[in-house]
Amino acid sequence: MGTQVKNGKIYTVISGKGGVGKTVSAINLGISISRLGKEVIIVDANLTTPNVGLHLGSPIVPLTLNHVMNNKAKVEDAIYEHESGTKILPSSISAGDLKNLDPEKLSEIAKKLRRISDFAIFDSAAGLGEEAQAAMRAADEIILITNPEISAVTDALKTIKLAETMNKKVIGVIITRQEQKKWEMDVPTIKDMLEVPILGIVPEDDSVKESQRMRNAVVHTHPRSKAARAYRRIARRILGPSYMKAAKEIEKAEKKASGFFSKLWKRLGL
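Residues numbered from 1 in each chain as written. Predicted model: local features only at pLDDT ≥ 70, side-chain atom pairs only at ≥ 80, totals over all residues. Heavy atoms only, no water.

A.B. asks: Can you tell me about the overall build of the protein chain, naming the residues and giving the values?
C.D. replies: Counting its secondary structure elements, the protein chain contains 11 helices and 8 strands. Counting the 270 residues in the protein chain, one finds 50% classified as buried. Partitioning the intrachain contacts of the protein chain with sequence separation of at least 6 by distance along the chain shows that 76% fall at a separation of at least 24. Here the protein chain has roughly 13,500 Å² of accessible surface; of this, 51% comes from carbon and sulfur atoms. (Helix = DSSP H or I, 4+ residues; strand = E, 2+ residues; numbered from the N terminus. Buried < 20%, exposed > 50% of the residue type's maximum accessible area, 1.4 Å probe, protein only. Contact = heavy atoms within 4.5 Å. Areas by Shrake-Rupley, 256 points an atom, 1.4 Å probe, with all protein chains shown as cover.)

A.B. asks: Lay out the layout of surface pockets in plain terms, naming residues and giving numbers.
C.D. replies: The computed volume of the largest pocket comes to approximately 360 Å³. Residues that form the lining of the largest pocket fall into these classes: 7 nonpolar, 11 polar and 6 charged. (1 Å grid on protein atoms, 1.4 Å probe; cavity = no way out; pocket = protein on both sides within 12 Å on 5 of 7 lines; lining within 4 Å. Points joined across faces, edges and corners; volume = space filled by probe spheres on them. Nonpolar A, V, L, I, M, F, W, Y, C, P; charged D, E, K, R; others polar.)

A.B. asks: Explain the sheet that holds strand β1 (residues 9–14) to me, and be specific about the residues and the numbers.
C.D. replies: Across the sheet, which stays open at both edges, the 8 strands sit in the order β3-β4-β2-β5-β1-β6-β7-β8 with mixed pairing between neighbours. Edge positions in the sheet fall to β3 (80–81) and β8 (198–203), since each has one partner strand and no second. Contacts from helix α4 (residues 106–116) reach β1, β2 (40–44), β4 (87–89) and β5 (119–123), with the element oriented near 150 degrees to β5. (Pairing = 2+ DSSP bridges. Axes fitted to C-alpha atoms, helices over the stretch in contact; angles between N-to-C directions.)

A.B. asks: Describe the pairing of β8, and please don't skip the residues or the numbers.
C.D. replies: In summary, the side chains of a regular strand alternate between the two faces of the sheet. Pairing of strand β7 (residues 169–178) with β8, which is carried by 5 bridges, proceeds in the parallel orientation. Note that in β8 the partner of I174 across the bridge is G200. After leaving β7, the chain enters helix α7 (residues 187–194) and then returns to the sheet as β8, a path that is right-handed. (Right-handed = clockwise from strand over helix to strand, strands pointing away.)

Dropping the structure here:
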């Protein structure tokens, strides 16, 4: 029997500017969705400055997305399985592999990935340049990443307007690195300004930096951290109501367990 042909969905994770946690979000969402029983491929669509492989401890591999786009390899041969069970399709970190690379071929890659996965998560280039726009065109739906600061939210708004001209649906925004400082924009203001759903809020968390040092995803290295729990909630929200119901039960169990151990530590004087 042959491999079953799927009818997967492509999500492009994008941000209007760099440094807001786009790659971290793409990786952790991909792994979180994979752990919910879905076949997921995380694609490093940031061709000029790829980071997915670096974040997951495999910066150099024999075949990459670049080889596939230049017809030097089949897409299946450039996909690697991370220790979490999630698959990744990395781009080359070699500047030489950028020669004759056409970002618009990402749409062709997307067609192939739909047939072999439930979801492909495209980590796009930061900003709104040619590469980012090509990743947006390849998407079925777009997930926007921003920080709660005026410059990042303004760039996010520009991204939404560009998506509208492409007839691409932005399913929502993820607010990352929230510290609840007075200078930050509040969530209702961000929602009113962007006019798209808030998929979730990921707090500033040292566990994320520690996971990067470990070359892994925070949902894998620090599953009980605030950031990891936030990404798991967002993944379930993306998949739909049935997963959200399960998420609430899991969160109740986690809080109950956390409360039990907190009392135990106090009794032990720890």
